[in-house]
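Observations on chain architecture
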Amino acid sequence: MSKAKLLVVEDDPNLGDILQEYLEMKGYEPTLCRDGEEGWNKFKKDKYDLCLLDIMMPKKDGFTLAKEIKKVQEDLPVLFLTAKNQKDDIIEGLKIGADDYITKPFSMEELLLRVTAILRRTQKSTEITPLKTYEFGGFVLHYDEQYLEGPLGKHKLTSKENELIRLLASEINKLVNRSHALKQIWGDDSYFNARSMDVYLSKIRKLLKDDPKVQIITVHGEGFKLIVSED
């Protein structure tokens, strides 16, 4: 089995060297960059399984770099490394599509657990691709090809949007437990993942506006339902 390739962009030279050495020791293949511009150039030249990005960096900050990466490869997972612990930064990261977020100072063991969990989730989703479609209202989810077909056309989905719509579409008009959804798609029901799921649900609700008979309702304290009304 080939080593997972990690793009590590960190401007602190000491932390960068420690990260590179530790990740190599744990069996990964990290590429270390010292600023966002170098990180972007490395990304364009090679394929990676995960990006670890510092936020406050010279030349190009981590948020800008993540946005550029996601435009090219939307499903490439991103883990932010930052000295900040502000909710605004967490929300900004979620909007970009971050998979996780770790605040400095952190232990290498904690970082390793997060890296392992992200790679396990993303690699599992690429390995299991059943040829299935799910129909609800005026929509068809093409799960294997990862797009949603609706009254106004086709929408390409991210892996998490795809998984979340599949989960909802397999339980039409039934309660989907929030904790169950988080554990099945994100791996655990932490605060960060819960906020991430809320962002994805908001995006999915916008896609479903094309058919007024279809809506996602929230059952406070329990979960949510995909409601499909009869004609």
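Residues numbered from 1 in each chain as written. Predicted model: local features only at pLDDT ≥ 70, side-chain atom pairs only at ≥ 80, totals over all residues. Heavy atoms only, no water.

What UniProt calls "modified residue: 4-aspartylphosphate" (unreviewed entry) maps, in this numbering, to D54. Examined against the element boundaries, D54 turns out to sit in strand 3 (residues 50–54). With residues near it in sequence (within four places) discarded, D54 still touches V9, E10, D11, G62, L81, T82 and K104. (UniProt positions renumbered as here; feature names shortened; annotations may be inferred. Helix = DSSP H or I, 4+ residues; strand = E, 2+ residues; numbered from the N terminus. Contact = heavy atoms within 4.5 Å.)

This part is about unusual backbone geometry. P105 follows K104 through a cis peptide bond whose omega is -5 degrees. Within the secondary structure, P105 sits in the loop between strand 5 (100–103) and helix 5 (108–127). Its identity is not glycine, yet K59 carries a phi of approximately 70 degrees, on the positive side. Residue placement: K59 occurs in the loop between strand 3 and helix 3 (62–72). For N173, which is not glycine, the phi dihedral falls at a positive 65 degrees.

Once the domains are mapped, the chain shows domain 1 (5–123) and domain 2 (133–228). Each of domain 1 and domain 2 has a C-alpha centre, and the two are 27 Å apart. Across the boundary between the two partners, domain 1 contributes 13 residues, which contact 15 residues of domain 2. For the pair domain 1 and domain 2, the summed buried surface comes to about 1,100 Å²; carbon and sulfur atoms form 56% of the total. Broken down residue by residue, the surface that domain 1 buries against domain 2 is led by D75, L94 and R121, which jointly contribute 46%. Our enumeration of links across domain 1 and domain 2 arrives at one salt bridge. Across the contact surface, domain 1 and domain 2 share four residue pairs in polar contact (both at pLDDT 80 or more). Every element with two or more residues in the side of domain 1 that touches domain 2 is listed here: helix 4 (87–96) and strand 5. Residue classes in the side of domain 1 that touches domain 2 are distributed as five nonpolar, one polar and seven charged. (Domains from an automatic or database assignment. Buried area = accessible area lost by both parts, 1.4 Å probe. Salt bridge = Lys/Arg side-chain N within 4 Å of Asp/Glu carboxyl O. Polar contact = N/O pair within 3.5 Å; in protein donor to acceptor, adjacent residues only side chain to side chain. Nonpolar A, V, L, I, M, F, W, Y, C, P; charged D, E, K, R; others polar.)

Among the structural elements, D89 can be located in helix 4. C-alpha of D89 to C-alpha of L19: the two residues are 70 residues apart in sequence and 22 Å apart in space.

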